[in-house]
Amino acid sequence: MLREFEYKGRRVQATVLPEQGRWAYRIDDGEMRMVHETRGSMGEGDLFAQAQAAAKAEIDGADRWRASRPAPR
């Protein structure tokens, strides 16, 4: 299952395999990131929520890093 969403101007694709308890995400046209296997069974919606939260955290972390860098001269 694949879902796409936008977050802070970035395009995110989240993929889940509920029967395997796995999820992954891709930001813009980058590589697939953080394939994760859950313990126990989780529903499709819960897996998408985990993938979405991980993608948002990565984008937010990149924004914080850029904000902490000195401005170019």
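Structure: above.
Predicted model only: the values in this text are computed from it and were never measured. (Residues numbered from 1 in each chain as written. Predicted model: local features only at pLDDT ≥ 70, side-chain atom pairs only at ≥ 80, totals over all residues. Heavy atoms only, no water.)

(A) Representation of the packing of aromatic side chains in the model. Considering all chains together, one arrives at one aromatic pair under this definition. When the ring of W23 is compared with that of Y25, the centres are 6.4 Å apart and the planes differ by 20°; the resulting orientation is stacked. Residue Y25 is classed as buried on the basis of its relative accessible area, which comes to 1%. (Phe/Tyr/Trp six-rings, centres within 6.5 Å; stacked < 30°, edge-to-face > 60°. Buried < 20%, exposed > 50% of the residue type's maximum accessible area, 1.4 Å probe, protein only.)

(B) Quick peek at the pattern of salt bridges. What the rule picks out here adds up to six salt bridges. We note a salt bridge from R3 to E44, for which the minimum N-O separation is 3.8 Å. Of this pair, R3 sits in strand β1 (residues 2-7) while E44 is found in helix α1 (residues 44-68), placing the two residues 41 residues apart along the sequence. Judged by its relative accessible area of 42%, R3 is partly exposed. Its salt-bridge partner being R10, residue D28 comes within 2.5 Å of it at the nearest N-O pair. Here D28 is found in the loop between β3 (22-27) and β4 (33-37), whereas its partner R10 is found in strand β2 (residues 10-17), with 18 residues between them in sequence. Counted as one network, the salt bridges with shared partners bring together E4, R11 and D29. (Salt bridge = Lys/Arg side-chain N within 4 Å of Asp/Glu carboxyl O. Helix = DSSP H or I, 4+ residues; strand = E, 2+ residues; numbered from the N terminus.)

(C) Spotlight on the nonpolar core. Grouped together as the largest cluster of nonpolar side chains are 14 residues, with contacts concentrated most on V12, W23 and Y25. Residue assignment for this core shows that the elements contributing at least two residues are β1, β2, β3 and α1. When residues in this core are grouped by element, the largest group, six residues, is from α1. When neighbours within four sequence positions are excluded, Y25 is seen to be in contact with V12, Q13, A14, E31, M32, R33, M34, A51, A54, A55 and E58. (Core = buried A, V, L, I, M, F, W, Y, C linked by side-chain atoms within 4.5 Å. Contact = heavy atoms within 4.5 Å.)

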